[in-house]
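Overview (structure and organization)
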Amino acid sequence: MWLTLIESAKANGIDPRAYITYLLKDLPQQPDFADPAQLAVYLPWHYPSTRHQNKKSTAKHEAKNAA
């Protein structure tokens, strides 16, 4: 399960540690039998856009543009 979360985060350009921290912090606030629509917001492609940049990929992109 952990590797799936990590690889899904990487595939969506998200820092895996930040994404897992976000999930562990916010998911316990959901009701025991949450509706699938309520849980869908926690999928990596719905991760809040303000947090949605992987620092490494951003640094590579900036270095590429500077060249």
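As enumerated under the stated definition, the model contains one salt bridge in all. The shortest N-O distance in the salt bridge between Lys10 and Glu7 comes to 3.5 Å. Of this pair, Lys10 and Glu7 both sit in helix α1 (residues 2-11), separated by three residues, roughly a single helical turn.

So, on to a nonpolar patch on the surface. On the surface, a cluster of nonpolar side chains totalling about 400 Å² of accessible area is made up of Met1, Trp2 and Leu24. As for its placement among the helices and strands, Met1 is situated in the segment before α1.

Bringing helix α2 (residues 16-26) into the picture now. Among all positions in α2, only Pro16, Tyr19, Ile20, Tyr22 and Leu23 are buried. For α2, the angular spread of buried residues about the axis comes to 155°, placing them on one side. Relative to its buried face, α2 has exposed residues pointing more than 90 degrees away, namely Arg17, Leu24 and Lys25. Summarising the contacts, the buried residues of α2 are in contact with α1.

What follows covers the confidence of the model for the chain. On average, the chain scores 78 in pLDDT, and the residues at 70 or more come to 72%. α2 holds the highest mean pLDDT among the elements of the chain, 92, whereas helix α4 (residues 55-66) holds the lowest, 50.

Once that is clear, we can look at the packing of aromatic side chains. Within this structure, the stated rule accounts for three aromatic pairs. Centre to centre, the rings of Tyr19 and Tyr47 are 5.5 Å apart; their planes meet at 80°, and the pair counts as edge-to-face. Here Tyr19 is found in helix α2, whereas its partner Tyr47 is found in the loop between α3 (36-40) and α4, with 28 residues between them in sequence. Accessibility classification places Tyr19 together with Tyr47 in one group, the buried group. Ring centres of Tyr22 and Tyr47 lie 5.1 Å apart, and the angle between their planes is 85°; on these two criteria the pair is classed as edge-to-face. With Tyr22 in helix α2 and Tyr47 in the loop between α3 and α4, the pair connects residues that are 25 residues apart, well separated along the chain. Accessibility classification places Tyr22 together with Tyr47 in one group, the buried group. Taken together, the ring pairs in this structure connect Tyr19, Tyr22, Tyr42 and Tyr47 into an aromatic cluster.

Cut-off values and rules
- Residues numbered from 1 in each chain as written.
- Predicted model: local features only at pLDDT ≥ 70, side-chain atom pairs only at ≥ 80, totals over all residues.
- Heavy atoms only, no water.
- Salt bridge = Lys/Arg side-chain N within 4 Å of Asp/Glu carboxyl O.
- Helix = DSSP H or I, 4+ residues; strand = E, 2+ residues; numbered from the N terminus.
- Patch = residues over 30% accessible without salt bridge, like charges linked within 9 Å, V, L, I, M, F, W, Y side chains within 5 Å.
- Areas by Shrake-Rupley, 256 points an atom, 1.4 Å probe, with all protein chains shown as cover.
- Buried < 20%, exposed > 50% of the residue type's maximum accessible area, 1.4 Å probe, protein only.
- Arc of directions from axis to C-beta.
- Contact = heavy atoms within 4.5 Å.
- pLDDT = per-residue confidence, 0-100.
- Phe/Tyr/Trp six-rings, centres within 6.5 Å; stacked < 30°, edge-to-face > 60°.

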